[in-house]
Amino acid sequence: KILGGLIMSNNKLFKGKHLTIEDRILIEYSLDQNYSLKLISKKLEKDPTTISKEIKRNRLIKPSKKKEKDLLRCESRKNCTVKNICNSNCNKLCKKCNLINCYRICNEYSIKKCSKLNRFPYVCNGCDTVTTCTCEKNYYRAKVANARYKDLLISSREGLNITSKEVIKLDEIISPLIFKGQSIYHIFSHHKEEFNFSQRTLYSYLDKNVFKARNIDLPRKVKYKPRKKTTAPLIKEANYRISRTYNDFITFLEFNPNISVVEMDTVHGKQGGKVILTFFFRNCSLMIGVLINSCSKIHVKDAIDKIYEELGSEVFRNTFPVILTDNGSEFKNPKDLEFDKSGVQRTKIFYCNPMASYQKPHVEKNHEYIRYVTPKGKSLDNRTQEDITLMLNHINSTARASLNGNTPFKLAQMLLDNSLLTKLNLKHIPADEVHLKPALLKK
């Protein structure tokens, strides 16, 4: 708004904040109208020193459009007695030479500046003699000043905000843990008191190669491949899926909202070799695994029978009331999995839709941790159940952002029967000892 010939600015809401583009437009307008510094600061509700610094910091030099010789007059032109700069035989004063401008070759040349620029308003805005003055011109322009402000704001936040000693100290903490395969979130969760910055800043330091560890050492830094567009598959219901489809699963949960769900899947090594049968508990993100000799119905049944015997019927039924799995050939005999040897039902099996493994996303995503230790295609034939349990202990002791900084093992202690943890040899690994690299299982 323009009130009484002056742009009014409502700065009560922005007191103590940086100058805005509106504030700078007001300053430019005020300088053009020859308003005093005190009046400008009053209207902006800013200290006069803030206004004067803003003007001096963002002055724009604009040469005059007059002839070059008149434009660039030397500051000491009137009293100058220099001769023979370009020719030792010439006795003419160099300032009166018509052959060459003395400012081009004189070492003592300095541009003539207006004395008014040394005090407020520090610029030529609103000057009455600006059209006839041959001195170097300085102007304040709101758009230019705001652009400089934004550039300064960005550049001031670039680089490292820590000393070299602090970098060395942080590197001694962070790099060894990253080399063990620990995630940034896991490290940050257990060393908050040692960091005086955010988790995002730690990622920025890694991007700038501040530490010995690099982005390539982070387990999740490699980008996923783009998903391919596929047509919707034609679902043909098989006998084993009757009353066990994903829609049946959703309906079952609607009638049993508080029931615990376990996702089941397999992790393969070399084709035709040993396989890890995995179970993921949705309520606490705990994952357990059983090493089986092959990916077959009989070996999956034997693995579940073994867990059933170790835990006992009551603990098993309470812990594995519902199992959601995919349509792999090893799972296509649901009755053998649902019932024990005496014909008593111990669990309920449901299947995802064909080609829709995303319907059990938690176990699929959690397999990523297994691949940190046992890369895809690497044989599992030389592994034992003790190796698999050790690996899962490290995985279950990794802090998760989805669990608000907790580990699956700690939540399992509260939400699952503790006898399951004991009988399956599941143990908590101290935070700094968590290791998620192939070196964990080296023999």
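Residues numbered from 1 in each chain as written. Predicted model: local features only at pLDDT ≥ 70, side-chain atom pairs only at ≥ 80, totals over all residues. Heavy atoms only, no water.

1. A word on the packing of helix α1 (residues 21–32) against helix α2 (residues 37–44)
The geometry of α1 relative to α2 is characterised by a closest axis approach of 11 Å and an angle of 155° between their N-to-C directions. Taken together, α1 and α2 sit at an angle that is classed as roughly antiparallel. Between α1 and α2 lies a crossing whose hand is right-handed. Here Asp23, Leu26, Ile27, Ser30 and Leu31 of α1 come into contact with α2, specifically with Ile40, Lys43 and Leu44. Partitioned by chemical class, the residues of the contact of α1 with α2 number five nonpolar, one polar and two charged. (Axes fitted to C-alpha atoms, helices over the stretch in contact; angles between N-to-C directions. Helix = DSSP H or I, 4+ residues; strand = E, 2+ residues; numbered from the N terminus. Parallel < 35°, antiparallel > 145°, perpendicular 65-115°, else oblique. Left-handed = near helix turned anticlockwise from the far one by under 90°. Contact = heavy atoms within 4.5 Å. Nonpolar A, V, L, I, M, F, W, Y, C, P; charged D, E, K, R; others polar.)

2. What about unusual backbone geometry?
Note that the residue after Phe120, namely Pro121, is joined by a cis bond; omega there is 15°. When you line up the elements, Pro121 lands in the loop between α4 (68–71) and β4 (137–140). Positive phi values are uncommon outside glycine, yet Asn404 reaches one of about 60°. Counting through the fold element by element, Asn404 comes out in the loop between α14 (385–396) and α15 (408–415).

3. Some words on the sheet that holds strand β9 (residues 348–351)
Ordered by their spatial adjacency, five strands build an open sheet running β7-β6-β5-β8-β9, and the pairing between neighbours is mixed. Each edge of the open sheet carries a strand with a single partner, namely β7 (286–292) and β9. Each strand of the sheet is rotated relative to its neighbour by a mean of 25°, with strand direction disregarded. For strand β8 (residues 322–325) and β9, the ladder comprises four bridges, and the chain directions are parallel. Residue pairing across strands places Val322 opposite Lys348, the latter belonging to β9. Each of β5 (261–268), β6 (275–281) and β7 touches helix α13 (residues 361–373); the most contacted strand, β5, lies at about 40° to it. (Pairing = 2+ DSSP bridges.)

4. Some details on the nonpolar core
With 35 residues, the main nonpolar core has Leu277, Phe279, Phe281, Leu286, Phe320 and Leu420 as its most contacted residues. Counting only elements with at least two residues in this core, the list comes to β5, β6, β7, α10 (297–311), α11 (313–319), β9, α15 and α16 (418–423). For this core, the element with the most residues is α10, which contributes six residues. Core analysis: the second largest hydrophobic core is formed by 20 residues, Ile276, Ile388, Leu392 and Ile429 among them. (Core = buried A, V, L, I, M, F, W, Y, C linked by side-chain atoms within 4.5 Å. Buried < 20%, exposed > 50% of the residue type's maximum accessible area, 1.4 Å probe, protein only.)

5. Looking at the layout of surface pockets
As a volume, the second largest pocket reaches approximately 450 Å³. Secondary structure elements with two or more residues in the lining of the second largest pocket: α7 (184–190), α8 (199–207) and α13. If you tally residues by element for the lining of the second largest pocket, the top one is α13, at five residues. Its residues assigned to classes, the lining of the second largest pocket shows 10 nonpolar, six polar and four charged. (1 Å grid on protein atoms, 1.4 Å probe; cavity = no way out; pocket = protein on both sides within 12 Å on 5 of 7 lines; lining within 4 Å. Points joined across faces, edges and corners; volume = space filled by probe spheres on them.)

6. So, a negative patch on the surface
Negative charge collects at one region of the surface, where Glu193, Glu194, Asp432 and Glu433 lie side by side. Secondary-structure assignment places Glu194 in the loop between α7 and α8. (Patch = residues over 30% accessible without salt bridge, like charges linked within 9 Å, V, L, I, M, F, W, Y side chains within 5 Å. Areas by Shrake-Rupley, 256 points an atom, 1.4 Å probe, with all protein chains shown as cover. Salt bridge = Lys/Arg side-chain N within 4 Å of Asp/Glu carboxyl O. Lys, Arg positive; Asp, Glu negative; His and termini not counted. Charge placed at Lys NZ, Arg CZ, Asp CG, Glu CD.)

7. Some words on the pattern of salt bridges
It is possible for side chains of opposite charge to pair when their charged atoms get near one another. This structure, assessed with the given rule, holds 13 salt bridges. We note a salt bridge from Asp207 to Arg200, for which the minimum N-O separation is 3.9 Å. We classify Asp207 as partly exposed; its relative accessible area is 40%. Put simply, Lys360 and Asp265 hold a salt bridge, and the shortest N to O gap is 2.9 Å. You can see Lys360 sitting in the loop between β9 and α13 and its partner Asp265 sitting in strand β5, a full 95 residues away along the chain. Classification of Asp265 by relative accessible area gives buried; the value is 5%.

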